[in-house]
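What follows is the residue order along each chain.
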Amino acid sequence: MPKITFAVTGETHEVPMGTRFIDFCQENDLPHDFGCTVGSCGTCALVVTEGGADLPPVGDEESETVEMATADEGARLGCLLVVNCDMTIKPAEV
Ligand code: FES
């Protein structure tokens, strides 16, 4: 089962493969902010600081929102992220 570590708290959680990051956070009251939940606002932007090698590449729509939301290199949108590998994440600077 993939593991996600939240750099802000240092907590690590096992997440069932293929779970949407937003669903896992909301079901477990985890410390990550979301807004629109559909990839438009950028509130959920995060940076994968370790791991994440098996994440799919950033799509065009995700890329546009990330560019609008943060200057952090390689940022992703938490509301579109599907957990498929170990990773450490922190909120992006927005
Ligand atoms: S919550 Fe709005 S882009 Fe993810």
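Scroll up to find the structure.
A brief report on the enclosed structure follows. (Residues numbered from 1 in each chain as written. Predicted model: local features only at pLDDT ≥ 70, side-chain atom pairs only at ≥ 80, totals over all residues. Heavy atoms only, no water.)

## What to know about the sheet that holds strand β4 (residues 76-77)
A sheet is described by the order of its strands in space; here five strands give the open sequence β2-β1-β5-β3-β4, paired in mixed fashion. If you trace the sheet from one side to the other, it starts and ends with β2 (11-14) and β4, each paired once. Inspection of the sheet shows strand β3 (residues 45-51) paired to strand β5 (residues 87-91) by five bridges, in the antiparallel sense. Considered in β5, the bridge of V48 is made with I89. (Pairing = 2+ DSSP bridges. Helix = DSSP H or I, 4+ residues; strand = E, 2+ residues; numbered from the N terminus.)

## Some words on the packing of aromatic side chains
Under the definition given, this model contains two aromatic pairs. Judged by centre distance (6.0 Å) and plane angle (25 degrees), the rings of F6 and F21 are stacked. With F6 in strand β1 (residues 3-6) and F21 in helix α1 (residues 21-27), this pair connects stretches of sequence that are 15 residues apart. According to the relative accessible area criterion, F6 is buried, its value standing at 3%. Between F21 and F34 the ring centres are 6.1 Å apart and the planes differ by 55 degrees, which places this aromatic pair in the tilted class. Here F34 lies in the loop between α1 and β3 and F21 lies in helix α1, a separation of 13 residues in the sequence. Residue class for F21 comes out buried when judged on its relative accessible area of 1%. (Phe/Tyr/Trp six-rings, centres within 6.5 Å; stacked < 30°, edge-to-face > 60°. Buried < 20%, exposed > 50% of the residue type's maximum accessible area, 1.4 Å probe, protein only.)

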